Amino acid sequence: MKIRAIELFIRERLLMPFVGRLFKRERVSKEYFLSFSPEKILVSKIHHKIGDLLVETPVITNLRHRFPSSKIDFISSDYNYPAIYNNKYLNKTYRFKKSLRLSFLVHNLNLLRVLRKERYDLGIVLSATAFSATNAMLVCLVNPKIIMGLRKPKQTLSIPQMLYNYGVPWPDGIHHRTQISLRTINPIVPEPAFKDETIHFSYLEISEAKKLLMTEGDKTFVGIHAGGTRDNKIWKHDNYKALTGMLSKNDKLQLVIFAGMPDEEKIIHKIIAGLDQKPIIIGPFKHPSYKTFRTMIACISNLDLFIGNDTGTLHAAGATGVPTIGIYTGSNPSRWKPLNRNVHALWNPEVEDVKTAIYSLLENKLHPQGKEINKHGNSASVSAPAFSAID
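Treat the numbers as computed from the prediction; the structure is a model and nothing was measured. (Residues numbered from 1 in each chain as written. Predicted model: local features only at pLDDT ≥ 70, side-chain atom pairs only at ≥ 80, totals over all residues. Heavy atoms only, no water.)

**Some points on helix 11 (residues 265–272)**
Those residues of helix 11 that sit buried are I267, I268, I271 and I272. For helix 11, the angular spread of the buried residues around the axis is 110 degrees, confining them to a single face. Exposed side of helix 11, more than 90 degrees from the buried face: K266 and H269 are the residues found there. Looking at the buried residues of helix 11, the elements they touch are helix 10 (237–248), strand 8 (253–258) and strand 9 (280–282). Positive backbone phi, approximately 75 degrees, marks G274, located one or two places after helix 11. (Buried < 20%, exposed > 50% of the residue type's maximum accessible area, 1.4 Å probe, protein only. Helix = DSSP H or I, 4+ residues; strand = E, 2+ residues; numbered from the N terminus. Arc of directions from axis to C-beta. Contact = heavy atoms within 4.5 Å.)

The structure is reproduced here in structure tokens:
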């Protein structure tokens with residue numbers, strides 16, 4: 001408790017007043033943006049979680065459609081860079097290295113020098129999933145004419161808020177994270193039309209992924225990723241083992257098992273033991289990197305169906321447009337499930353529920369009408385799933 005009190009004292013009484021005096025910005029009203037047409041826009045999100053980044057990518061899509069001829073750049077953390085690289089709605093993407101190592105500090109100083117030369121008209125701080133004083137400070141140091149971002153809920157003062165020209169009020173009640181994120185740009189895009197998460201690949205990346213999968217033939221490719229970073233968000237491995245056992249009995253299906261991190265190798269061995277047919281295995285990667293993540297998601301984009309826990313991989317799969325089943329055990333899908341219509345959420349399902357959902361969605365490939373599956377395998381008619389990112 002004493003350490004927490006000291007932290008609060010340093011932040012509230014010393015750091016925040018200092019930051020406020022050093023980087024004080026003139027406040028503007030919402031009416032200011034009625035005639036505001038920025039030629040250069042910088043968007044920043046340096047939080048270290050791929051799913052948290054992708055859930056805010058609809059902001060980029062809506063900005064591009066609102067300002068089709070503007071230059072729109074993005075700052076990402078080095079960790080998240082593979083998920084935002086090559087986004088077709090961005091002009092350029094920059095990497096910010098979150099470390100105090102000397103080489104990283106030099107990199108970041110050079111990055112800051114390059115960005116300041118751009119003289120951006122608008123800086124947007126994305127914080128619908130996590131508030132970051134570092135993120136706000138970075139944009140402030142780039143020195144765009146106007147900075148906007150979300151105001152922290154139930155707080156009158158915060159470091160990010162002090163650095164904004166306009167702070168967008170956090171909405172009351174419980175909302176999906178994408179909807180909260182889109183609120184950030186409400187002053188300039190009052191009615192955002194696009195809510196799909198997006199990720200884009202080059203033709204070469206897709207071609208290389210097809211070679212890895214060997215997708216030629218009549219089989220239907222079903223991918224599974226049983227890993228995750230938090231135990232409470234992982235469906236039991238015994239459930240995945242039972243599911244793969246059922247699916248492997250169908251000779252029309254080709255299972256593809258994915259593993260990103262080295263510690264997921266044990267999971268793979270457990271869930272594929274004793275299968276009737278040999279699955280294709282992608283990963284795990286001894287040294288996970290930009291290229292290995294891009295390779296894994298490009299492979300997923302070539303599947304007929306993907307199943308996984310609530311992870312960054314699930315968000316990336318949904319963003320490719322592939323029919324996706326997200327299994328939620330510890331997070332609320334009404335707040336976190338990708339809003340892409342090709343993504344279907346199951347809450348704490350039984351193995352039979354997931355099997356029912358799989359066969360229902362695979363059947364939809366041959367029919368124009370889609371189905372939304374609930375926990376008990378019942379279906380309600382909805383419009384056909386979107387199988388590609390918004391164009």
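There is more to say after this.
**Digging into the pairing of strand 2 (residues 71–77)**
Counting buried positions over the seven residues of strand 2 gives six, a clear majority of the element. Inspection of the sheet shows strand 1 (residues 40–45) paired to strand 2 by six bridges, in the parallel sense. Bridging from a neighbouring strand, S44 pairs with I75 of strand 2. The pairing of strand 2 with strand 3 (residues 92–96) spans five bridges and is classified as parallel. (Pairing = 2+ DSSP bridges.)

**Quick notes on the environment of H65**
Position of H65 relative to the elements: it lies in helix 3 (residues 58–66). Looking at H65, the relative accessible area reads 36%, which means it is partly exposed. Spatially, the C-alpha atom of H65 lies 8.7 Å from that of Y89, the residues being 24 residues apart in sequence.

**Some details on the sheet that holds strand 12 (residues 343–347)**
Strand order in the open sheet made by the six strands is 9-8-7-10-11-12, with parallel pairing throughout. Edge positions in the sheet fall to strand 9 and strand 12, since each of these pairs with one other strand and no more. Taken pair by pair, the neighbouring strands of this sheet meet at an average axis angle of 20 degrees, ignoring direction. Bridge count for strand 11 (residues 324–328) against strand 12 is five bridges, and the pairing is parallel. The partner of Y328 across the bridge, within strand 12, is W347. Running at roughly 135 degrees to strand 9, helix 9 (residues 203–213) makes contact with strand 7 (220–225), strand 8 and strand 9 of the sheet. Sheet strands touched by helix 13 (residues 312–320): strand 7, strand 10 (305–309), strand 11 and strand 12. Its angle to strand 11, the strand with the most contacts, is close to 155 degrees. (Axes fitted to C-alpha atoms, helices over the stretch in contact; angles between N-to-C directions.)

**Some remarks on the environment of K355**
With respect to the helices and strands, the residue K355 is situated in helix 15 (residues 351–364). Measuring from C-alpha to C-alpha, the distance between K355 and T244 comes to 9.6 Å, with 111 residues separating the pair along the chain. Residues contacting K355, with those up to four places away along its chain left out, are L243 and M246.

**Looking at the nonpolar core**
By size, the foremost hydrophobic cluster in this structure holds 58 residues, and its most contacted members are L63, I124, I188, F258 and L303. Top contributing element to this core by residue count: helix 12 (residues 290–300), with six residues. (Core = buried A, V, L, I, M, F, W, Y, C linked by side-chain atoms within 4.5 Å.)

**Remarks on the packing of helix 5 (residues 102–118) against helix 6 (residues 133–142)**
Taken N-terminus to C-terminus, the directions of helix 5 and helix 6 make an angle of 55 degrees; their axes are 8 Å apart at the nearest point. Classified by the interaxial angle, the pair formed by helix 5 and helix 6 is oblique. Residues L112, L115 and R116 of helix 5 touch helix 6, and the partners they reach there are L138, L141 and V142. Across the contact of helix 5 with helix 6, the residue classes tally to five nonpolar, no polar and one charged. (Parallel < 35°, antiparallel > 145°, perpendicular 65-115°, else oblique. Nonpolar A, V, L, I, M, F, W, Y, C, P; charged D, E, K, R; others polar.)

**A look at the environment of L346**
Following the sequence through the fold, L346 ends up in strand 12. Residue class for L346 comes out buried when judged on its relative accessible area of 2%. Each C-alpha atom of the pair L346 and A357 lies 8.9 Å from the other, and the pair is 11 residues apart in sequence.

**A word on the side chain of T178**
Considering the arrangement of structural elements, one finds T178 in helix 8 (residues 177–183). Apart from the residues within four sequence positions on either side, T178 is in contact with V55, P58, K195, E197 and L339.

**Looking at the packing of aromatic side chains**
On inspection of all chains with the given rule, the structure shows eight aromatic pairs. On the basis of an interplanar angle of 85 degrees and a centroid distance of 5.4 Å, the ring pair of Y32 and F33 is categorised as edge-to-face. On the basis of relative accessibility, which here comes to 3%, the residue F33 falls in the buried class. Over the face of the ring belonging to F104 we find R101, whose NZ or CZ atom lies 4.6 Å from the ring centre. (Phe/Tyr/Trp six-rings, centres within 6.5 Å; stacked < 30°, edge-to-face > 60°. Lys NZ or Arg CZ within 6 Å of the ring centre and 35° of its normal.)

**Section: unusual backbone geometry**
For R119, which is not glycine, the phi torsion reads 55 degrees and is therefore positive. Residue position: R119 is located in the loop between helix 5 and strand 4 (122–125). R119 sits in the exposed class, given a relative accessible area of 67%. In this structure, N143 is a non-glycine residue whose phi angle is positive, near 70 degrees. Examined against the element boundaries, N143 turns out to sit in the loop between helix 6 and strand 5 (146–150). Given the relative accessible area of 45%, N143 is considered partly exposed.

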